[in-house]
Amino acid sequence: MNLFEFCYGILHWLVDLVNNLWYWLGDFLPWYFGDFFTAVGDFAASDGHLTFMTILLESVVIIVVALINVLNFLWIFRKLSGRILDFYGPYYVGYRIGGWLQNLADGMKLFIKEIIVPTKADRLGFLLAPVIFVASSLVILSVIPLSVNFGLSTNESGEYVSAGALFALAAFSIAPFAILLAGWSSNNKYTLIGGMRSAAQMMSYEIPLILCAASVFLLAGSFNFVDIVDAQHDVWFLIPLFIGFVVFLICLIAEVEIIPFDLPEAEAELVEGWTTEYGGMRFGLFYMTTAVRSYAGGALATAFFLGGWQGPSFIPDEIWFLIKAYIVYTVFMWLTWSVPRVRIDQMLGLGWKRLLPLAMLNLLIAAALKSGGWF
Amino acid sequence: MAERKLPKSTGIVLKPMKRTGKQLLRTLIFGKPNTVLYPEQKLDLPQIYRGKQVLDFKKCIGCGNCVTVCPNDCMWLEKVDDPELGKIERPGVDIGRCLFCGLCAEVCPTVALHMSTAYELANSERGKLRLSPMDIRDDAFGSTFVEERQKRMLPTLDLSKCTGCEKCAGECPEMCIAMMPVDRTDRNKPEINLAKCKSHAKCVAVCPEKALTMTEVYESYFEMPEPKLILDNCSGCGACARKCPSNAIYMLEMPGTEKTLKGGKKGKPKKRAVFVFEKCVGCGRCYQACKFDAIEIPGVEK
């Protein structure tokens, strides 16, 4: 049973339950009201309506699962940063589960804070930028399936979005526009510099990232996540495309904007960069969305190079996928708390002079493997 | 000039990661972080930590050296009515002004004052930072650790009992007791060279009047000035002897100075102050007490 069938079953049962009550109510009414009641009940029970609601329910389920993972990710982020820098990290809130509840407590604190819009800020852009940033990050999650059965699909056959990987990469790269919008509309020189840096940075990392993904698509012969993972049944793409894997990880770090490449929000130089003017839950959303993007990045790296949900069957497929994503994220965090931030010119030099040739080499290897008939 | 060797680009990333990976293993798996969780755990402070002052009432003689030496002028002497010790003067301290330099503890001649390791001294009211002598009293504190300053057993003289028999001077194996005549009183006073004394205690054993006793004396970090008597100015009022916290001043009669009263009787003879420098702590209270300019301290001007 896949997620679609599960959600469809739940909704069908629920609509039947409500409809019984609804028709029973309609019996007490005059005939012209009764006909209207019957028409509404029939529409609710119709297949098109149920399918639409099922897709909504699926997305809710997927986002809730993703957000639970995001809480874990934030906890790992803070705990690892603490232990690597030789202090405890979150400790008291949720003492028995290692301070896991600290993020919820912080979220509650941020919720009750006032939303302040600077006087001279562009109000529409200022309030719209977080929405774009968060929405474009959450929409990535909708196309990434955790297994063959656990993903957003539009019918009971369980087929997912056919160009899902391409859509994920496209949604991934919307964020710099939101950052540029936020930086411009805040009417502050730090935010503006941060936004411009984000745009400049995107130029340098996006092309190697797409080239590495292209080599994966070339070997798998598909843009669909299920096909890509199925193509890695015998050997993970990590092994033939190791250069690509390394380049992809580095570009992902730049995409997610965590420390070695967090130029847009360099807190030492730019006073938190493009988030300077944001406070309260808007800042909390940015904080959370960084973890959402890390989760999506880990999931992409897992699906493209680490064999997705492939693994010994004593652990469910979904858990395999999450374990791999968590490992990728932990390596990100390890790197984050080890190395200093690069300069903007170093970032561009790295992107154009090192990563782009390596990505091209990787694409050549993929093409050679494909044309040689190994894949 | 040799060129500096630049690390390879992989070393820039992998070397720090190796370092932090070791740190992570140490703090997460094999041990705990070095952080002290403050309200629950507290640091083991070394004994030389300088926190709140602690005063041993029984050892303190109320000389006020701590008050004199305090650079921030945050100590004062307060009159205390103790059921055991009677009416005494003991120092209080204003924690809000104290800079915790520890000079008061170092200058204390009887090691009655210590800097303890208590550091949680904050208070919401400024007045409560002024600690009276009763607030800093802890008579048992000195026994909780080994005193850093060296302790010697030295003979001290009670001049009121001394008859000047010279037996102690004859008995001393180090030849460090000399009988010195005291001006205008036809008596001799044993002067003990404390630098040469090896604590044989033979002088104490031989003293027929029990005027000499062995007492604990702690080494001093400070060269304390000694008062000097100008005999011509001394009126024999005895104010200095009453003020002296260590009972180092004795009033001795000067024979031959009696006034002849009406009726041919002779009155009481005049007195003069005699210092026993072995006991002097150099506090200068005699200098302050003397109204006749009979006591001066070298280097101190009025």
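Residues numbered from 1 in each chain as written. Chains lettered and ligands numbered in written order. Predicted model: local features only at pLDDT ≥ 70, side-chain atom pairs only at ≥ 80, totals over all residues.

1. Observations concerning the overall build of chain B
This is how the line gets drawn: Strands are runs of DSSP state E lasting at least 2 residues, helices are runs of H or I lasting at least 4, and numbering of each runs from the N terminus. In this setup the radius of gyration rests on C-alpha atoms only. A globule is expected at 2.2 Å times the number of residues raised to 0.38. Any pair of residues counts as being in contact when their C-beta atoms, constructed from backbone geometry, are within 7 Å of one another.
A tally of regular secondary structure across chain B gives seven helices and 13 strands. Relative to the 2.2 N^0.38 estimate, which gives 19 Å for 302 residues, the radius of gyration of chain B is 29 Å and therefore markedly larger than a compact globule would have. Taken along the three principal axes of its C-alpha coordinates, chain B extends 110 × 50 × 45 Å. Of the contacts made within chain B by residues no fewer than 6 positions apart, 73% connect residues no fewer than 24 positions apart.

2. Section: the overall build of chain A
The condition is simple: With C-beta atoms placed from the backbone, a residue is buried if 20 or more other C-beta atoms are within 10 Å of its own, exposed if 12 or fewer are, and partly exposed between those counts.
Secondary structure assignment for chain A yields 14 helices and zero strands. Reading the secondary structure of chain A in the N-to-C direction produces α-α-α-α-α-α-α-α-α-α-α-α-α-α. Relative to the globule expectation of 21 Å for 375 residues, the C-alpha radius of gyration of chain A, 23 Å, shows essentially globular dimensions. With respect to the three principal axes, the spread of C-alpha positions in chain A is 75 × 65 × 45 Å. Looking at chain A as a whole, 43% of its 375 residues qualify as buried. Pairs at least 24 residues apart make up 76% of the contacts formed inside chain A by residues separated by at least 6 positions.

3. Quick word on the interface of chain B and chain A
Quick reminder of the rule: Residues were grouped as follows: Ala, Val, Leu, Ile, Met, Phe, Trp, Tyr, Cys and Pro as nonpolar; Asp, Glu, Lys and Arg as charged; and all remaining residues, including Gly, as polar.
Chain B puts twelve residues into the contact, and the matching count from chain A is ten residues. Broken down by class, the residue content of the side of chain B that touches chain A amounts to six nonpolar, six polar and no charged.

4. Examining helix H13 (residues 317-336) of chain A
The cut-off we apply is this: Expected helix span is given by 1.5 Å per residue-to-residue step, counting one fewer step than there are residues.
An ideal rise of 1.5 Å per residue puts 28 Å on 20 residues; H13(A) measures up with 29 Å between its terminal C-alpha atoms. Residues of H13(A) that are buried include every one of Trp320(A), Phe321(A), Leu322(A), Lys324(A), Ala325(A), Val328(A), Tyr329(A), Phe332(A), Met333(A), Leu335(A) and Thr336(A), and no others.

5. Describing the domain arrangement of chain A
Convention followed: In this entry, domain limits derive from an automatic or database-based domain assignment.
Domain boundaries assigned for chain A yield domain 1 (4-44) and domain 2 (120-372). Distance between the C-alpha centres of domain 1 of chain A and domain 2 of chain A: 44 Å.

6. Observations regarding the nonpolar core
Put simply, the test is: We define the nonpolar core as any set of buried residues of the types Ala, Val, Leu, Ile, Met, Phe, Trp, Tyr and Cys, connected via C-beta atoms lying within 7 Å of each other.
In this structure, Val216(A), Phe248(A) and Phe304(A) are the most contacted members of the largest nonpolar core, which totals 99 residues. For this core, the leading source of residues is helix H12 (residues 281-305) of chain A, giving 13 residues. Lining this core are residues from two domains, each supplying at least three of them: domain 1 (4-44) and domain 2 (120-372) of chain A. Excluding residues within four positions of it along the chain, Phe304(A) makes contact with Ala213(A), Val216(A), Ile228(A), Phe237(A) and Phe248(A). With 25 residues, the next largest nonpolar core counts Leu159(B), Cys168(B), Cys203(B) and Ala294(B) among its residues.

7. Thoughts on the sheet that holds strand S2 (residues 75-82) of chain B
All names here are of chain B. Basically, it comes down to this: At least two bridges found by DSSP between two strands are what make those strands a pair.
Read across the open sheet, the three strands follow the order S2-S3-S5; overall the sheet is antiparallel. With partners counted over all chains shown, the strands left at the sheet margins are S2 and strand S5 (130-131), one partner each. Of the pairings in the sheet, the one linking strand S3 (residues 86-94) to S5 comprises two bridges and is antiparallel in character. The residue of S5 that forms the bridge with Val-93 is Leu-131.

8. Describing helix H1 (residues 3-26) of chain A
Residue and element names in this part refer to chain A. An ideal rise of 1.5 Å per residue puts 34 Å on 24 residues; H1 measures up with 34 Å between its terminal C-alpha atoms. Burial in H1 covers these residues: Leu-3, Phe-4, Cys-7 and Tyr-8. In the core, the buried residues of H1 are packed alongside helix H3 (47-84).

9. A closer look at the environment of Thr302(A)
All names here are of chain A. Along the chain, Thr-302 falls in helix H12. Residues Thr-302 and Phe-6, spaced 296 residues apart in sequence, show a C-alpha to C-alpha distance of 26 Å. Residues contacting Thr-302, with those up to four places away along its chain left out, are Gly-308, Phe-321, Lys-324, Ala-325 and Val-328.

10. Description of the domain arrangement of chain B
Interface extent is often summarised as the accessible area lost during association of the parts. Residue and element names in this part refer to chain B. Each assigned domain of chain B is listed with its residue range as follows: domain 1 (53-144), domain 2 (150-219) and domain 3 (222-302). Using C-alpha coordinates to define each centre, domain 2 is positioned 21 Å away from domain 3. At the interface, 13 residues of domain 2 touch eleven residues of domain 3. For the side of domain 2 that touches domain 3, the elements supplying multiple residues, two or more each, are strand S6 (151-157) and strand S8 (187-192). With three residues, the top contributor of residues to the side of domain 2 that touches domain 3 is S8.

11. Comments concerning the environment of Arg187(B)
Residue and element names in this part refer to chain B. By the element assignment, Arg-187 lies in strand S8. Residue Arg-187 is classed as partly exposed on the basis of its 16 C-beta neighbours within 10 Å. In this view, Arg-187 contacts Gly-164, Val-182 and Leu-252; residues no more than four positions away in its chain are not counted.

12. A word on the pairing of S2(B)
In regular strands, side chains alternate between the two faces of the sheet. Residue and element names in this part refer to chain B. Two elements, S2 and S3, share eight bridges in a ladder whose sense is antiparallel. Note on S3: the bridge partner recorded for Asp-82 is Gly-86. Here S2 hands over to S3 after three residues, the two strands then running antiparallel side by side.

13. Regarding unusual backbone geometry
All names here are of chain B. Phi at Met-175 takes a positive value of approximately 55°, unusual for a residue other than glycine. Locating Met-175 in the fold gives a position in the loop between helix H4 (167-171) and strand S7 (177-182). Taking the number of C-beta atoms within 10 Å as the measure of exposure, Met-175 has 10 and is therefore exposed. The residue Arg-184 is not glycine, and still its phi comes out positive at about 65°. Within the secondary structure, Arg-184 sits in the loop between S7 and S8. The class of Arg-184 is partly exposed, set by 16 C-beta atoms lying within 10 Å.

14. Here we look at the environment of Ile258(A)
All names here are of chain A. Looking at the secondary structure, you find Ile-258 in the loop between helix H10 (242-256) and helix H11 (267-270). Once the C-alpha coordinates of Ile-258 and Arg-341 are considered, the two residues, 83 residues apart in sequence, prove to be 9.2 Å apart. What Ile-258 contacts, discounting residues up to four positions off in sequence, is Ile-253, Ser-294, Phe-332 and Thr-336.

15. A look at the pairing of S8(B)
Residues and elements named next belong to chain B. Relative to S8, S7 runs antiparallel, the two being bridged by six bridges. Each residue of the ladder has a partner; that of Ala-178, found in S8, is Glu-191. Connecting S7 to the antiparallel partner S8 that follows it, the hairpin turn spans four residues, and Arg-184 within it adopts a positive phi of roughly 65°.

16. Examining the confidence of the model for chain B
Short version of the rule: Every residue is assigned a pLDDT by the predictor, reflecting its confidence on a scale from 0 to 100.
The share of residues in chain B with pLDDT of 70 or more is 98%, and the mean pLDDT across the chain is 85. Scored as a complex, the prediction yields pTM 0.72 and ipTM 0.72.

17. Here we look at the packing of helix H8 (residues 189-220) of chain A against H10(A)
Residue and element names in this part refer to chain A. What counts, and what does not: Only the stretch in contact is used when fitting a helix axis, every axis being a line fitted to C-alpha atoms; angles between N-to-C directions are given from 0 to 180 degrees. Crossing handedness is read from the near helix: turned anticlockwise from the far helix by less than a right angle, it gives a left-handed crossing, and turned clockwise, a right-handed one.
Two numbers describe how H8 lies on H10: the axes approach to 9 Å, and their chain directions differ by 140°. Viewed along their axes, H8 and H10 form a crossing whose handedness is left-handed. Contacts between H8 and H10 involve Gln-201, Tyr-205, Pro-208, Leu-209, Cys-212 and Ser-215 on the former and, on the latter, Gly-244, Val-247, Phe-248, Cys-251, Ala-254 and Glu-255. The residue inventory of the contact of H8 with H10, partitioned by class, reads eight nonpolar, three polar and one charged.

18. Focus: the packing of helix H5 (residues 123-143) of chain A against H12(A)
Residue and element names in this part refer to chain A. Just so we agree on the cut-off: For classification purposes, angles smaller than 35 degrees are called roughly parallel, those larger than 145 roughly antiparallel, those between 65 and 115 roughly perpendicular, and all remaining angles oblique.
The interhelical angle for the contact between H5 and H12, taken along N-to-C directions, is 25°, at an axis separation of 9 Å. For the element pair H5 / H12, the angle class is roughly parallel. Considering the relative orientation of H5 and H12, their crossing is left-handed. In this structure, H5 contributes Pro-130, Phe-133, Val-134, Ser-137, Leu-138, Ile-140 and Leu-141 to the contact, and H12 contributes Arg-282, Leu-285, Phe-286, Thr-289, Val-292, Arg-293 and Ala-296. Looking at the contact of H5 with H12, its residues break down into ten nonpolar, two polar and two charged.

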